[in-house]
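Spelled out, the chains give:
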Amino acid sequence: MNSEIRDNVLYLSGDITVKTVTDSAYRQFEQQCRLKETDALDLSHVSYADSACVSLLLTALRLKNKAVQLRHIPESVRALTDLYEIKDWVTP
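Quick caveat: nothing in here was measured; it's all calculated off a predicted structure.

(A) How the structure looks around the pattern of salt bridges. In total, this model carries 3 salt bridges according to the counting rule given. Here Arg6 makes a salt bridge to Glu4, at a shortest N to O gap of 3.3 Å. Take Arg6: its relative accessible area is 37%, and that puts it in the partly exposed class. The partner of Arg62 in a salt bridge is Glu30, and the shortest N-O contact between them spans 4.0 Å. Highlighted residues: Arg62 in helix H2 (residues 51-63) and Glu30 in helix H1 (residues 23-34), separated in sequence by 32 residues. Within the structure, one salt-bridge network assembled from shared partners comprises Glu30, Arg34 and Arg62.

(B) Focus on H1. Taking 1.5 Å of rise per residue, 12 residues should cover 16 Å, and H1 covers 17 Å from first to last C-alpha, within 8% of that figure. When H1 is considered as a whole, its buried residues turn out to be Ala25, Phe29, Glu30, Gln32 and Cys33. Seen along its axis, H1 keeps its buried residues to an arc of 160°; they face one direction. Facing away from the buried side of H1 by over 90 degrees, the exposed positions are Asp23, Gln31 and Arg34. Looking at the buried side of H1, the elements it contacts are strand S1 (2-6), strand S2 (9-16), strand S3 (40-49) and H2.

(C) Up close: the UniProt feature "domain: MlaB-like STAS" (unreviewed entry) in the protein. Per the UniProt annotation, the sites labelled "domain: MlaB-like STAS" (unreviewed entry) are residues 11-84. Taken end to end, residues 11-84 is 46% helix and 26% strand, and its first and last C-alpha atoms sit 24 Å apart.

(D) Summary view of H2. The end-to-end C-alpha distance of H2, which contains 13 residues, comes to 18 Å, matching closely the 18 Å that a straight helix rising 1.5 Å per residue would cover. Along H2, the residues that are buried comprise Ala52, Cys53, Val54, Leu56, Leu57, Thr59, Ala60 and Leu61. Buried residues along H2 sit in contact with S2, H1, S3, strand S4 (69-71), helix H3 (75-83) and helix H4 (87-90). Taking the backbone nitrogen of Ala52 as reference, a side-chain oxygen 2.9 Å away marks Asp50 as the first, capping residue of H2. Following H2 by one or two positions, Asn65 adopts a phi angle in the positive range, close to 55°.

(E) Structural detail: the sheet that holds S4. Overall, mixed pairing links the 4 strands, which are arranged S1-S2-S3-S4 in an open sheet. Here the strands that pair on one side only, and so sit at the sheet edges, are S1 and S4. Taking each pair of neighbouring strands and ignoring which way they run, the sheet shows an average axis angle of 20°. Inspection of the sheet shows S1 paired to S2 by 5 bridges, in the antiparallel sense. Its bridge partner being in S2, Ser3 is matched across the sheet by Leu12.

Conventions and cut-offs
Residues numbered from 1 in each chain as written. Predicted model: local features only at pLDDT ≥ 70, side-chain atom pairs only at ≥ 80, totals over all residues. Heavy atoms only, no water. Salt bridge = Lys/Arg side-chain N within 4 Å of Asp/Glu carboxyl O. Buried < 20%, exposed > 50% of the residue type's maximum accessible area, 1.4 Å probe, protein only. Helix = DSSP H or I, 4+ residues; strand = E, 2+ residues; numbered from the N terminus. Expected span 1.5 Å × (residues − 1). Arc of directions from axis to C-beta. Contact = heavy atoms within 4.5 Å. UniProt positions renumbered as here; feature names shortened; annotations may be inferred. Polar contact = N/O pair within 3.5 Å; in protein donor to acceptor, adjacent residues only side chain to side chain. Pairing = 2+ DSSP bridges. Axes fitted to C-alpha atoms, helices over the stretch in contact; angles between N-to-C directions.

In structure tokens:
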């Protein structure tokens, strides 16, 4: 998993899985979410995602008090949010 901020958007890329979201990757993601200027999360360059990605989305929503725009959520993650009955939390 890779993450970087450009133009107030936190971009995630690569595989986001329980194997790739390491402690250090999670800490970096959490710090980036806490930045005041971060107002959107873009997942357009995520190649594969599982429930770990759902956890990251919920973390971003919690840290930003739901004031973060989620963009390009992978279909696999949408399916999981539907399964977990939290689809309304992560989709506009």
